[in-house]
Amino acid sequence: MFDQSVQFLTPEESADVDKALLTSPEKFLARLTISTSKLLKVIAKDTETAIADLTPQQIIQWFEADSKRKQEQGVNASILKWEAQDLKDVTNE
């Protein structure tokens, strides 16, 4: 479940993407890219690293730390608010 109080894509940005002359896959990728850009800013700030200097390992470690925070302190303590009890929740197995 995703807490809508933390938004990486505003309704206005989503509407702008909708208005763009793009195919559905391109619109999806545009939304994903905008959201990712905002999340990378959060990760860069948390790691005190410039976005351009972030490594895949730093990004993975940030996700691990956010997940650990969620597990130990509850979903509201994390940046990413979705809840999955185990991988079956997200992989449909």
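Just so we're clear, the structure is a prediction, and the values are computed from it rather than from any experiment.

Conventions used here
- Residues numbered from 1 in each chain as written.
- Predicted model: local features only at pLDDT ≥ 70, side-chain atom pairs only at ≥ 80, totals over all residues.
- Heavy atoms only, no water.
- Helix = DSSP H or I, 4+ residues; strand = E, 2+ residues; numbered from the N terminus.
- Areas by Shrake-Rupley, 256 points an atom, 1.4 Å probe, with all protein chains shown as cover.
- pLDDT = per-residue confidence, 0-100.
- Contact = heavy atoms within 4.5 Å.
- Salt bridge = Lys/Arg side-chain N within 4 Å of Asp/Glu carboxyl O.
- Buried < 20%, exposed > 50% of the residue type's maximum accessible area, 1.4 Å probe, protein only.
- Axes fitted to C-alpha atoms, helices over the stretch in contact; angles between N-to-C directions.
- Parallel < 35°, antiparallel > 145°, perpendicular 65-115°, else oblique.
- Left-handed = near helix turned anticlockwise from the far one by under 90°.
- Nonpolar A, V, L, I, M, F, W, Y, C, P; charged D, E, K, R; others polar.

> In this structure, what is going on with the overall build of the chain? I would like to understand it.
Each helix and strand counted, the chain has four helices and zero strands in total. Of the roughly 6900 Å² of accessible surface on the chain, 57% is carried by carbon and sulfur atoms.

> Is there a simple way to think about the confidence of the model for the chain in this case?
Detailed reading of the predicted coordinates is not advisable wherever pLDDT is low. Averaged over every residue, the pLDDT of the chain is 84; the share at 70 or more is 81%. This model gives residues 1–5 a pLDDT under 50, and the stretch forms seven contacts once residues within four places in sequence are excluded.

> Is there a simple way to think about the pattern of salt bridges in this case?
Any two side chains of opposite charge can pair if their charged atoms end up close together. Summed over the entire model, instances satisfying the criterion amount to five salt bridges. When the shortest N-O distance is used, the salt bridge between Glu13 and Lys38 registers 2.6 Å. Residue Glu13 is located in helix H1 (residues 11–19), and its partner Lys38 is located in helix H2 (residues 24–47); the two are separated by 25 residues in the primary sequence. Glu13 gets classed as partly exposed once you look at its relative accessible area, which sits at 21%. The salt bridge involving Lys19 is made with Asp16; its shortest N-O contact spans 3.6 Å. In this pair, Lys19 and Asp16 are both assigned in helix H1, three residues apart and thus about one turn of the helix distant. Classification of Lys19 as exposed rests on a relative accessible area of 63%.

> Would you take a moment to explain the packing of H1 against H2 for this structure?
In a pair of packed helices, the angle between the axes and the distance between the axes together describe the arrangement. Across the interface, H1 lies against H2 with an axial gap of 9 Å and an inter-helix angle of 150°. Considered as vectors, H1 and H2 are oriented roughly antiparallel to each other. As for how H1 packs across H2, the hand of that crossing is right-handed. Touching Glu13, Ser14, Val17 and Asp18 of H1 are Lys27, Ala30, Arg31, Ile34 and Lys38, all from H2. Among the residues forming the contact of H1 with H2, the class breakdown is three nonpolar, one polar and five charged.

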